[in-house]
Amino acid sequence: MQAFEYVAATTVEEAVKALSNGKRARPLSGGTDLLAQLKEGRRQLDLVVDVKRIPELMELRYDPQEGLFIGASVPCHRLNASADVKNNYPSLIDSSHLIGGVQIQGRASLGGNLCNASPAADSIPNLIAHNAVAHIAGPNGRRTVLVEEFCLAPGRTVLADGEFLVALQLPVPSKNFGAAYLRFIPRNEMDIAVVGAGASVVLSDDGQTIQSARIALGAVAPTPLFVKEAGDALAGQPVSEESFARAAQIAQDAARPINDMRGTIPQRKHLSGVLTTRALRIAVDRARGTKTVDSLGRMNGTHG
Ligand SMILES: Cc1cc2nc3c(=O)[nH]c(=O)nc-3n(C[C@H](O)[C@H](O)[C@H](O)COP(=O)(O)OP(=O)(O)OC[C@H]3O[C@@H](n4cnc5c(N)ncnc54)[C@H](O)[C@@H]3O)c2cc1C
């Protein structure tokens with residue numbers, strides 16, 4: 001492993017100062033990506049700025065007016081165990097439960113998952129489906145960016161020099177809201193998504209009409225892909241397999257995957273449609289409060 005300096009910041013201001021000092025510096029959350037990249041020589045740094053001692057970055061807080069705030073370094077296991085998350089955003093656990101195994105979830109954060117900007121990151125399509133916002137701090141103060149606009153290319157984000165992610169904010173779910181994230185991998189766990197699909201819906205009070213929807217795909221483009229037109233096509237449509245099929249076709253057409261060791265272009269295109277349909281079915285079940293069992297044998301309505 002290369003030598004680098006290590007600083008543990010305790011305030012946002014300290015972290016900004018350390019990250020802006022002209023050295024090749026990066027924030028450290030759980031380290032499940034960063035330390036592996038340093039060890040394997042895939043990244044060269046002079047300075048690692050540990051941000052886990054900044055209270056705001058470890059805060060997990062639900063506010064009935066403003067929604068859920070997930071500090072950028074909050075590890076997945078805290079989301080999995082949170083009553084606020086289970087009660088208000090059960091589908092978020094679809095992702096936090098999938099990232100690595102139990103040990104990885106003890107360290108890995110959604111903030112790190114987002115800032116690593118892998119096209120296949122499991123939390124990002126789900127965050128996009130939830131309309132999440134990234135709260136950023138930097139030398140020029142604070143700003144917010146929609147998660148769907150955060151990733152620019154594999155490993156590249158909108159973060160400018162000296163900026164870092166403070167928290168993710170998920171709005172309060174509307175009445176009759178439901179969401180889901182599914183991925184396809186060749187084995188049951190500890191692998192990178194061949195395709196991932198996140199979907200959310202808001203239904204009418206009788207549960208028969210889709211008022212609005214959001215769909216995002218992973219691993220089918222250089223960045224996680226928000227397929228706005230697929231969600232828009234569902235607005236005002238009845239909850240039906242025909243409506244899902246139309247949205248799935250739009251998602252499939254929007255996917256622009258590559259061939260690699262994990263999958264081919266035709267397979268990934270096909271999976272984009274299949275997973276979109278399945279995620280929509282689960283999202284609708286959750287919006288209706290229906291308790292059905294998903295492909296992993298979990299109750300869709302409750303997560304437990
Ligand atoms: C065995 C194993 C299995 C895995 N399985 C999966 C999987 O199934 N699905 C999946 O999506 N990922 C998986 N991963 C990848 C990884 O665990 C996730 O991307 C994780 O969520 C990263 O979070 P972290 O807190 O560990 O980030 P870190 O490693 O600390 O950081 C990741 C990147 O984000 C930057 N960063 C961290 N915090 C901030 C911040 N606050 N502001 C700005 N930049 C920041 C870092 O500088 C670094 O570039 C796996 C990793 C391992 C080792």
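Residues numbered from 1 in each chain as written. Predicted model: local features only at pLDDT ≥ 70, side-chain atom pairs only at ≥ 80, totals over all residues.

(A) Layout of the overall build of the protein. If you tally the helices and strands in the protein, you get 11 helices and 14 strands. Relative to its length of 304 residues, the protein is compact, with a C-alpha radius of gyration of 19 Å against a globular reference of 19 Å. Overall size of the protein, expressed as C-alpha extent along the three principal axes, is 55 × 45 × 35 Å. (Helix = DSSP H or I, 4+ residues; strand = E, 2+ residues; numbered from the N terminus. Rg over C-alpha atoms; globule rule 2.2 N^0.38 Å.)

(B) Quick look at the sheet that holds strand β14 (residues 225–226). What the four strands build is an open sheet, ordered β11-β12-β13-β14; its pairing is antiparallel. Every other strand in the sheet has two partners, leaving β11 (177–184) and β14 as the edge strands with one partner each. Contacting β11, β12 (195–203) and β13 (210–218), helix α11 (residues 265–288) crosses the sheet at an angle of about 35 degrees to β12. (Pairing = 2+ DSSP bridges. Contact = placed C-beta atoms within 7 Å. Axes fitted to C-alpha atoms, helices over the stretch in contact; angles between N-to-C directions.)

(C) Summary view of the sheet that holds strand β5 (residues 67–71). In space, the five strands of this open sheet follow the order β4-β5-β10-β6-β7, with antiparallel pairing throughout. The open sheet has two free edges, formed respectively by β4 (60–63) and β7 (141–146), since each of these has just one partner strand. When the angles between neighbouring strand axes are averaged without regard to direction, this sheet yields 20 degrees. Note that strand β6 (residues 133–138) and β7 share six bridges and pair antiparallel. Looking at the pairing, Ala-134 lines up with Val-145 of β7.

(D) Summary view of the site of the ligand. Around the ligand, the surrounding shell holds 31 residues, and the nearest of these are Ser-29, Gly-30, Gly-100, Gly-112 and Asn-113. Breaking the shell around the ligand down by element, the ones donating at least two residues are β2 (25–28), α2 (34–39), α7 (110–116) and β10 (164–170). The biggest single contributor to the shell around the ligand is α7, with five residues. Across the shell around the ligand, the residue classes tally to 16 nonpolar, 11 polar and four charged. (Near = placed C-beta within 6 Å. Nonpolar A, V, L, I, M, F, W, Y, C, P; charged D, E, K, R; others polar.)

(E) Representation of the packing of helix α10 (residues 241–254) against α11 in the model. Two elements in contact, α10 and α11, have axes separated by 8 Å at closest approach and are oriented at 140 degrees. Here the hand of the crossing between α10 and α11 comes out right-handed. Listed contacts from α11 to Phe-244, Ala-245, Ala-247, Ala-248, Gln-249, Ala-251 and Gln-252 of α10 are Lys-269, Ser-272, Gly-273, Thr-276, Thr-277, Leu-280 and Arg-281. Of the residues belonging to the contact of α10 with α11, the class tally is six nonpolar, six polar and two charged. (Left-handed = near helix turned anticlockwise from the far one by under 90°.)

(F) Examining the domain arrangement of the protein more closely. Annotation of the protein at the domain level lists domain 1 (5–50), domain 2 (55–170) and domain 3 (177–288). Each of domain 2 and domain 3 was reduced to a C-alpha centroid, and the two centroids are 20 Å apart. Contacts between the two partners involve 23 residues from domain 2 and, on the opposite side, 25 residues from domain 3. Mapped onto the side of domain 2 that touches domain 3, the elements with two or more residues apiece are α5 (92–96), α8 (124–129) and β8 (151–153). (Domains from an automatic or database assignment.)

(G) Summary view of the pairing of β7. When you tally the buried positions in β7, you get zero out of six residues, a small fraction of the element. Where β6 hands over to β7, the hairpin turn is made up of two residues, counted between the paired strands. (Buried ≥ 20, exposed ≤ 12 C-beta atoms within 10 Å, placed from the backbone.)

(H) Fine view of the pairing of β13. The element β13 is extensively covered by neighbouring structure, given that seven of its nine residues are classed as buried. As paired strands, β12 and β13 are joined by eight bridges and run antiparallel to one another. Looking at the pairing, Ala-197 lines up with Leu-217 of β13. Hairpin connection between β12 and β13: a loop of six residues separates the two successive antiparallel strands, and Gly-207 in this loop has a positive phi of roughly 75 degrees. Pairing geometry for β13 and β14, over two bridges, is antiparallel. Across the sheet, the residue bridging to Leu-217 is Leu-225, located in β14. Counting the residues between successive antiparallel strands, the hairpin from β13 to β14 contains six residues, one of them, Ala-219, with a positive phi of roughly 70 degrees.

(I) Spotlight on α10. Between the first and last C-alpha of α10 there are 20 Å, a value that for 14 residues agrees with the 20 Å anticipated at 1.5 Å per step. All of the buried residues along α10 are Phe-244, Ala-247, Ala-248, Ile-250, Ala-251, Gln-252 and Ala-254. Elements that come into contact with the buried residues of α10 comprise β13, β14, α9 (228–232) and α11. (Expected span 1.5 Å × (residues − 1).)

(J) Quick peek at α11. Compared with the 34 Å implied by 1.5 Å per residue over 24 residues, the 35 Å span of α11 between its first and last C-alpha is a close match. In the segment just after α11, Gly-289 is the residue with positive phi, at about 75 degrees.

(K) Region of interest: the environment of Gln-2. If you trace the backbone, Gln-2 turns up in the segment before β1 (5–8). Judged by the 10 C-beta atoms lying within 10 Å of it, Gln-2 falls in the exposed class. Counting along the chain gives 39 residues from Gln-2 to Gly-41, while the straight-line C-alpha distance between them is 7.6 Å. Discounting chain neighbours no more than four positions away, the residues touching Gln-2 are Leu-38 and Gln-44.

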